[in-house]
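Close look at the chain arrangement
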Amino acid sequence: MDPPKVTHQLGNTPNKSSPSAKKPKMSNCSPTACSSRMETNDVAETPGQYDSNMAAPLHGAEPTGNTRRSLDLSSEAPPVWFVTFFKDFESRFHSRIEALLDKKLKDISLKVSDHEEKMNNIEFEVGALKDSVKQLEKEKEILVNKLDDLENRGRRKNLVLFGIAESSNPTAEDCMKTVTQFLQYAEVPEADLSKIERCHRTPTHQPVGKDGTHSKQPRRIHVAFSTFVTKERVRKACSKKLKQTWGASMYHDLKVFVAEDLSQRVLQLRRKKQEKFKRLKDEGKRPFFAYPDKIRYRDQTSGKVVSVD
């Protein structure tokens, strides 16, 4: 037989079934002690404060000495974890930048290579074009010379008379009459006078100044003969008569001279050598132009034709 269970109750432990057990037990304290205990609880529960047993600050409050030592914030050097993180970030950043630069440099290198290839092709094409231009210039010069030669061949039977006075109302009949009279004075045979096919004066006066003014000298007369041989006989007869009879090639108080009818290109080439021509003439060498612009003179001693050019 089991002994009866005896319930032992402490003297200061209230019975749970009693009404007094539901009320909390109030401790006897003085007002000062209670106030001090409440202040302590308030400080401990204030947000942002540190607990002495905590390793991290609460709500952004200033860390205490223990917390500073646990975070290694007491020294001026940065923490190890920060240095490690920064180095890792710097390494990854540099790697990324180098990768981007390498890609950009490769793209630029490809573009530069492409441009260099294009430039080489352009230089090759330009060189070919230069060769073509040189060849075309040579061909052009040959064609110009041929055309100029054909033009001068078409003028071989013509003479040009400079300085013969013209009437106030010149006509074709008046021009023919003037030419006939001049050739008769030059003692040209009647047989050669009958071989004149046509004659006319230059349509306009030759310009003189840059302001557009024209010369007051008589216009030139172009005379065409039927044959080249007739033209040469007339030219020589006129030159001989002008030099012997009128001395300074004067005719009716005007200076007249006879020349072959040449193209403008040949005349320009001869104008460039006028100074040399005049110098030889002053020396008494009697120079003359050989087609197209060669200066020659006859040596008085040997009688041979000497070329200056």
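Residues numbered from 1 in each chain as written. Predicted model: local features only at pLDDT ≥ 70, side-chain atom pairs only at ≥ 80, totals over all residues. Heavy atoms only, no water.

**Some remarks on the overall build of the protein chain**
Cut-off, in case you're wondering: Here a helix means four or more residues in a row that DSSP labels H or I, a strand means two or more in a row labelled E, and each is numbered from the N terminus. When a residue's accessible area, from a 1.4 Å probe over protein chains only, is under 20% of the maximum for its type it is buried; when over 50% it is exposed; and in between it is partly exposed. In what follows, a contact means two residues having at least one pair of non-hydrogen atoms within 4.5 Å. Here the accessible surface of atoms and residues is derived via Shrake-Rupley with a 1.4 Å probe, and residues count as covered only by protein chains that are part of the display.
The helix and strand inventory of the protein chain stands at 8 helices and 9 strands. Burial status across the protein chain gives 19% buried among its 309 residues. Within the protein chain, residue pairs in contact and separated by at least 24 positions form 49% of the contacts whose partners lie at least 6 positions apart. Accessible surface computed for the protein chain: about 24,500 Å², of which carbon and sulfur atoms make up 56%.

**So, the confidence of the model for the protein chain**
Cut-off, in case you're wondering: Scored from 0 to 100, pLDDT records how confident the predictor is in each individual residue.
With 71% of its residues at a pLDDT of 70 or more, the protein chain has an overall mean of 77. Mean pLDDT values for the elements of the protein chain range from 46 in helix H1 (residues 31-45) up to 95 in strand S3 (residues 221-225). Predicted confidence for residues 1-61 stays below pLDDT 50, and this span has 30 contacts to residues more than four positions away or in other chains.

**Focus on the nonpolar core**
Rule in force here: Nine residue types can take part in a nonpolar core, namely buried Ala, Val, Leu, Ile, Met, Phe, Trp, Tyr and Cys, and a core is a set of them joined through side-chain atoms within 4.5 Å.
Leu161, Val179, Phe182, Leu183, Val188, Val223 and Cys238 are the most contacted members of the largest nonpolar core, which has 22 residues in total. Those elements giving two or more residues to this core turn out to be strand S1 (158-162), helix H4 (172-185), strand S2 (196-201), S3 and helix H6 (228-244). Other than its neighbours up to four places away in sequence, Val188 contacts Leu183, Leu193, Val234, Ala237 and Cys238.

**Some remarks on the pairing of strand S8 (residues 294-298)**
Strand residues, when the strand is regular, have side chains that alternate between the two faces of the sheet. Put simply, the rule reads: Each pair of strands is called paired provided DSSP finds at least two bridges between the two strands.
Of the two faces of S8, only one is covered, namely that formed by Ile295 and Tyr297; the face formed by Lys294, Arg296 and Arg298 stays uncovered. Where strand S7 (residues 287-290) and S8 come together, 4 bridges link them in antiparallel fashion. Paired with Pro287 across the strands is Tyr297, a residue of S8. Hairpin connection between S7 and S8: a loop of 3 residues separates the two successive antiparallel strands. In the sheet, S8 pairs with strand S9 (residues 305-307) via 3 bridges, with the strands oriented antiparallel. Bridging from a neighbouring strand, Arg296 pairs with Ser307 of S9. Hairpin connection, S8 to S9: the antiparallel pair is bridged by 6 residues, and Gly303 has positive phi, about 80°.

**Focus: the packing of H4 against H6**
To be explicit about the condition: For helices, the axis comes from a line fit to the C-alpha atoms of the stretch in contact; other axes are also lines fit to C-alpha atoms, and the angle between any two N-to-C directions lies between 0 and 180 degrees. Amino acids outside the nonpolar list (Ala, Val, Leu, Ile, Met, Phe, Trp, Tyr, Cys, Pro) and the charged list (Asp, Glu, Lys, Arg) are all regarded as polar, and Gly is one of them.
For the pair H4 and H6, interaxial distance at closest approach is 9 Å and the crossing angle is 65°. Residue-level contacts link Phe182, Leu183 and Tyr185 of H4 to Val234, Cys238, Lys241 and Leu242 of H6. Among the residues forming the contact of H4 with H6, the class breakdown is 6 nonpolar, no polar and 1 charged.

**Focus on the sheet that holds strand S6 (residues 257-260)**
With antiparallel pairing, 4 strands are arranged side by side in an open sheet as S2-S3-S1-S6. Each of the sheet's edge strands pairs with one partner strand only, and the pair in question is S2 and S6. Adjacent strand axes in the sheet meet at a mean angle of 25°, parallel and antiparallel pairs treated alike. Where S2 lies against S3, 5 bridges are found, and the strand directions are antiparallel. Along S3, the bridge assignment pairs Cys199 with Val223. Contacts between H4 and the sheet are confined to S1, S2, S3 and S6, with S2 contributing the most and set at about 110° to the helix.

**Considering the sheet that holds S8**
Across the sheet, 3 strands lie side by side as S7-S8-S9; this open sheet has antiparallel pairing. In this open sheet, the two edge strands, each paired with only one partner strand, are S7 and S9. Ignoring which end each strand starts from, the neighbouring axes of this sheet average 40° apart.

**Digging into the packing of aromatic side chains**
The cut-off we apply is this: Pairing of aromatic side chains here covers Phe, Tyr and the six-membered ring of Trp, requires ring centres within 6.5 Å, and sorts the geometry by plane angle: under 30 degrees stacked, over 60 edge-to-face, intermediate tilted.
Going through the model one piece at a time under the given rule, you end up with 4 aromatic pairs. Centroid distance Trp81 to Phe82: 6.0 Å. Interplanar angle 85°. Geometry classified as edge-to-face. With relative accessibility at 37%, the residue Phe82 sits in the partly exposed group. Ring plane angle 10° and centroid distance 4.6 Å describe the contact between Phe162 and Phe257, whose orientation is recorded as stacked. With Phe162 in strand S1 and Phe257 in strand S6, the pair connects residues that are 95 residues apart, well separated along the chain. Taking relative accessible area as the criterion, Phe257 reaches 42% and is therefore assigned partly exposed.

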